[in-house]
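Take a look at the letters that make up each chain.
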Amino acid sequence: MSHDDFPTADPAVVTCGLPYANGDLHIGHLRTYVGGDVYSRALERLGQETAFVSGSDMHGTPVAVNAEQEGVSPEAFALDWHERYAETFPKFNVEFDNYGHTHDETNTAVTQELVRDLDEAGHLYEKEIMVAYDPVDDQYLPDRYVEGTCPYCGAHARGDECDEGCQRHLEPGEVEDPESTITGNPAEYRERTHKFFAVSEFADYLSDFLDRLEGTSNARNQPREWIEQGLQDWCITRDMDWGIDLPGENPQDLVLYVWVDAPIEYISSTKQYSERVGADAFDWEAAWKEGASDDHPEGGEIVHVIGRDIIQHHTIFWPAMLEATDHAEPRAVMASGFVTLDGKGFSTSRDRAVWADEYLNEGFHPDPLRYYLATNGGFQQDVDFSWEKFAERVNTELVGTVGNFLYRSLLFAHRNFEGGPDADAPSDDVAARIDEAVDDVAAAVNDYSVRALGDAVTDLARYGNEYIQRNEPWKLVDEAPDEAEQVIYDCVALAKAIGVLFEPLGPEKSERLWEQLGEPGSVHETTVEAAREGPAGDLSEPTELFEQIEDERVEALNEKLEARVAEAEADDGDEAEADDGDEERDDGADATDDDGTDANADEADADDTDMTDIEPLSDDRISFDDFQELDIRVGRIEDAVGIDGADELLKLTVDLGAETRTIVAGLKQLHDVDDLPDTKVIVLANMEKAELFGVESNGMVLAAGEEADLLTTYEGAGPGTKVK
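Residues numbered from 1 in each chain as written. Predicted model: local features only at pLDDT ≥ 70, side-chain atom pairs only at ≥ 80, totals over all residues. Heavy atoms only, no water.

Looking at an unreviewed UniProt entry, the protein chain carries the name Methionine--tRNA ligase, with the source organism given as Halorubrum ezzemoulense DSM 17463. Turning to the protein chain, the UniProt record has this under Subunit (unreviewed entry): "Homodimer." In its Subcellular location (unreviewed entry) section, the UniProt entry covering the protein chain states "Cytoplasm". (UniProt positions renumbered as here; feature names shortened; annotations may be inferred.)

Structure representation (structure tokens):
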């Protein structure tokens, strides 16, 4: 691992968190896998040697419980779901180089070898612990056979995780007031001998590792708290039949905890890929083992793409295992936020979800969903899906910006220049703009931002629309045909660059564009250098790449969803949402206590505001990590002028300390414009840029209520001071 900018000389492995072989996939699940696929493809576009791997997580108690309910073996149950996942991912153009599963021979052998190495190196020990036991049903209760109260935060918890509160990993015996999830019986704790991994010995290493770790900030910040609180050693065995057997002497017939063999599947899946294509094509040992290759002494570039609910496993337990067995440590962890549906969590029990198969059965192409999931917000932020928002993004950005430029440019070229326009090279300005887009893509990869990858493409298409509109080639064809040909050649060159740079987000649409351009080979085999090269093919008559989604279609989709949810709720017969263990949720790290709103009641009553007009407080919480993503600063308005043609908008020049920004705000009718200069305001500085009436707004001024009561500071905080 180098920590040099990509592309590097070391082999890269991009992994996605293993889907649990226990139920259907919905679009909330797809966010991580689409993100991993987009990132892997982008690395390859840069020229990075890359393997993209994952597999199905076959073990654990939920599989065993559900298999028992269906009257089949856990292996048969999990294999059925594994096969469905292996068929579903390619339908969304998520193409793993290898997709295995944790119960296959390779992962069983690699897991047992790695555990033996841990044992021989002195990192494992036996310990008597208290394990939940159902005295009525006469059975031990590992992991999710148990539920109760988290000893750290008091929230409801499963046997191995505080899933509704602090999200800490919980060891056997830690859950308070335990109950059996099978029978509902109160459980008791009984002493058993289990195997432990001495994670606490690696506290200093893990602290340094987090300093080096790249990726999203939540993957670094959350585990620091756990280290500071003191690492607990990790019980790596369980009392159950389904799983990989603990190697060596095993008198109690223990199996390895599912979170031991699950991440090892990353290594196993890479090994299977190498065995299939040959070590010359990709050497799994050079990527995963320190010292296995003279050319790659520290191993390769390992990038994990996961959901934020499994950060601890990937930044504490897993790197400690790798360090203890001389494997390469991860270079980066990209932890995604959740996907909500119309502002509410997905609920499989209430059928409040947009299922992967449902999306395809509605006749939608996979690439627009890939684009939406990859670019709608920062990767670690929660994303809200609604059919309205999806349609708006598709219609505005893919149809109105990208598709519009491509179709009008290629159609004009096809009709006016036989075989395509001819020129020596793109004009200097266009070539420079393509170079800038390529640089933006490289920066996005090194910033681990799949959103920025999409922005690079849409910004280039937006430039193309402005370029063709500014040069009006339809007029030049008669007045200056040579100039017209250069302009259209430039547009086709921009279209080719878009085809190359859009491939990670929309691989199928990019290949179709490549064919329309008449370019040789496949766009999937290109690197970003191809974006700099002028068009070389014979153009065919283009067709539009993206379809408009009409309002009537959105309305029909909403009616279907609402009817399905209502039917599921009626069948359930209870308005209270039951936790089925498979819902998208917030991570519980609220910045305030639950009673924080009540503390403001007296102050609110003292105000003259009619409280019946106050909107109720939102039940939807954001995590502390999401709050930290907001860059809120103190600013000082230097100038305020009206915008021609806009009744309400002002163009503000705002000093933010480090720089001066132009911000458009709807204050003209609500404030005396002449009084605004020198007013201190609060600004959301990392708001997306927007163009309003021809003025680019670079931030948002915060105000309260319909009268735009400007937020300001009480004392002397200067411009640029961060609001925390």
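From this point, the narrative continues.
Let's shift gears to the overall build of the protein chain. A tally of helices and strands in the protein chain yields 21 helices and 27 strands. At 28 Å, the protein chain has a C-alpha radius of gyration in line with the 27 Å of a compact globule built from 724 residues. Its C-alpha atoms give the protein chain principal-axis dimensions of about 90 × 75 × 50 Å. Burial statistics for the protein chain: of 724 residues in total, 53% are counted as buried. For the protein chain, contacts bridging at least 24 residues in sequence account for 74% of all contacts bridging at least 6. For the protein chain, the accessible area works out to roughly 31,900 Å², and carbon and sulfur atoms hold 43% of it. Put simply, the protein chain has 53 plus and 168 minus side-chain charges, and the middle of one group is 3 Å from the middle of the other. (Helix = DSSP H or I, 4+ residues; strand = E, 2+ residues; numbered from the N terminus. Rg over C-alpha atoms; globule rule 2.2 N^0.38 Å. Buried < 20%, exposed > 50% of the residue type's maximum accessible area, 1.4 Å probe, protein only. Contact = heavy atoms within 4.5 Å. Areas by Shrake-Rupley, 256 points an atom, 1.4 Å probe, with all protein chains shown as cover. Lys, Arg positive; Asp, Glu negative; His and termini not counted. Charge placed at Lys NZ, Arg CZ, Asp CG, Glu CD.)

Averaged over all residues, the pLDDT of the protein chain is 88; the fraction at 70 or higher stands at 92%. Here residues 574-614 scores under 50 on pLDDT; set against residues more than four positions off or in separate chains, the count is 61 contacts. (pLDDT = per-residue confidence, 0-100.)

In the UniProt entry, the feature "binding site: Zn(2+)" (unreviewed entry) is given for Cys150, Cys153, Cys162 and Cys166. A compact arrangement is adopted by the annotated residues: their sequence extent is 17 residues, whereas the largest C-alpha distance between any two is 8.5 Å. Summarising the element assignment, Cys150 is placed in the loop between β6 (146-149) and β7 (156-158). Ignoring sequence-local partners within four residues, the contact set of Cys150 consists of Ala155, Ala157, Cys162, Cys166, Leu170 and Glu176.

Below, the discussion takes up a negative patch on the surface. A cluster of like negative charges, contributed by Asp342, Glu388, Glu550, Asp551, Glu552, Glu555, Glu559 and Glu562, occupies part of the molecular surface. Note on placement: Glu555 falls in helix α19 (residues 551-572). (Patch = residues over 30% accessible without salt bridge, like charges linked within 9 Å, V, L, I, M, F, W, Y side chains within 5 Å. Salt bridge = Lys/Arg side-chain N within 4 Å of Asp/Glu carboxyl O.)

How two helices sit against one another is set out by the angle between their axes and by the gap between those axes. Direction vectors running N to C along helix α11 (residues 366-375) and helix α12 (residues 387-416) enclose 100°, while the axes themselves pass 10 Å from each other. With respect to α12, the axis of α11 lies roughly perpendicular. In contact with Pro368, Leu369, Tyr371, Tyr372 and Thr375 of α11, α12 contributes Lys389, Phe390, Arg393, Val394, Glu397 and Leu398. Among the residues forming the contact of α11 with α12, the class breakdown is seven nonpolar, one polar and three charged. (Axes fitted to C-alpha atoms, helices over the stretch in contact; angles between N-to-C directions. Parallel < 35°, antiparallel > 145°, perpendicular 65-115°, else oblique. Nonpolar A, V, L, I, M, F, W, Y, C, P; charged D, E, K, R; others polar.)

Our next topic: the sheet that holds strand β25 (residues 700-701). Strand order in this open sheet of five strands is β21-β20-β19-β22-β25, and the pairing throughout is antiparallel. Each of the sheet's edge strands pairs with one partner strand only, and the pair in question is β21 (660-665) and β25. With five bridges joining them, strand β19 (residues 632-642) and strand β22 (residues 680-684) adopt antiparallel strand pairing. Note that in β22 the partner of Arg633 across the bridge is Val683. (Pairing = 2+ DSSP bridges.)

Here strand β14 (residues 301-307) lies mainly inside the structure; seven of its seven residues are buried. Burial along β14 is two-sided: the face carrying Glu301, Val303, Val305 and Gly307 and the face carrying Ile302, His304 and Ile306 are both buried. In this sheet, β14 lies alongside strand β1 (residues 12-16) in parallel orientation, the contact comprising five bridges. Among the inter-strand pairings, Val13 is bridged to a residue of β14, identified as Ile302. Running through helix α9 (residues 311-324), the crossover from β14 to the neighbouring parallel element strand β15 (residues 332-336) is right-handed. (Right-handed = clockwise from strand over helix to strand, strands pointing away.)

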